[in-house]
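# Commentary on secondary and tertiary structure
One-letter residues, chain by chain:
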Amino acid sequence: MKKYILCFCIIFWSGLVAGISFLEAPLKFQAPGVTLPLGLGIGQLVFQALNKIEIVLLVLILICTYQTSLKNLKGLLLFFITILLLTDTFWLLPLLDERAKLVLDGKPITESFHHILYIVIESFKFILLVILGFLNLKDLSHENRH
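Residues numbered from 1 in each chain as written. Predicted model: local features only at pLDDT ≥ 70, side-chain atom pairs only at ≥ 80, totals over all residues. Heavy atoms only, no water.

## What about the pattern of salt bridges?
- Overall, the coordinates contain six salt bridges when judged by the stated rule.
- Across the pair Lys74 and Asp139 runs a salt bridge whose closest N-O atoms are separated by 2.3 Å. Of the two residues, Lys74 sits in helix α3 (residues 73-104) while Asp139 sits in helix α4 (residues 114-145), which places them 65 residues apart along the sequence.
- Here Lys125 and Glu122 are joined by a salt bridge, their closest N and O atoms 2.7 Å apart. Of the two residues, Lys125 and Glu122 both sit in helix α4, three residues apart, roughly one turn of that helix.
- By relative accessible area, Lys125 is classed as buried at 0%.
- With relative accessibility at 0%, the residue Glu122 sits in the buried group.
- Salt bridges sharing partners connect three or more residues here, namely Glu54, Asp88, Glu122 and Lys125. (Salt bridge = Lys/Arg side-chain N within 4 Å of Asp/Glu carboxyl O. Helix = DSSP H or I, 4+ residues; strand = E, 2+ residues; numbered from the N terminus. Buried < 20%, exposed > 50% of the residue type's maximum accessible area, 1.4 Å probe, protein only.)

Following this line, the structure appears as structure tokens:
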């Protein structure tokens, strides 16, 4: 049962990242009547919720894989996904939230690389989740044949 939960969590998580980070986030600013402050406010709510869901999914995945070694590919992928999520949670998202608050308060902001870095991290996290998901599905499929 753990392996099914594991596969579900990984695939669900990769779908959330794809749908929110790569689809919803850029498209909301193209909707009629969505101003920069409105889009930023929506973005803050959505990405805070996504981050909380990602943390829950990571905890479930770690519970399902508590005996996984960092010496194998799946363990390494999970390690890097964890590092990327922790970087988002404790450093990058708070920084981006502060920048959004400045814009919402009408204060000027200087240019920064943080938004591009977030996109790069999300891209890597997505790719690693997809690879990890395929590896776990492959193992599950292989087990079901024997």
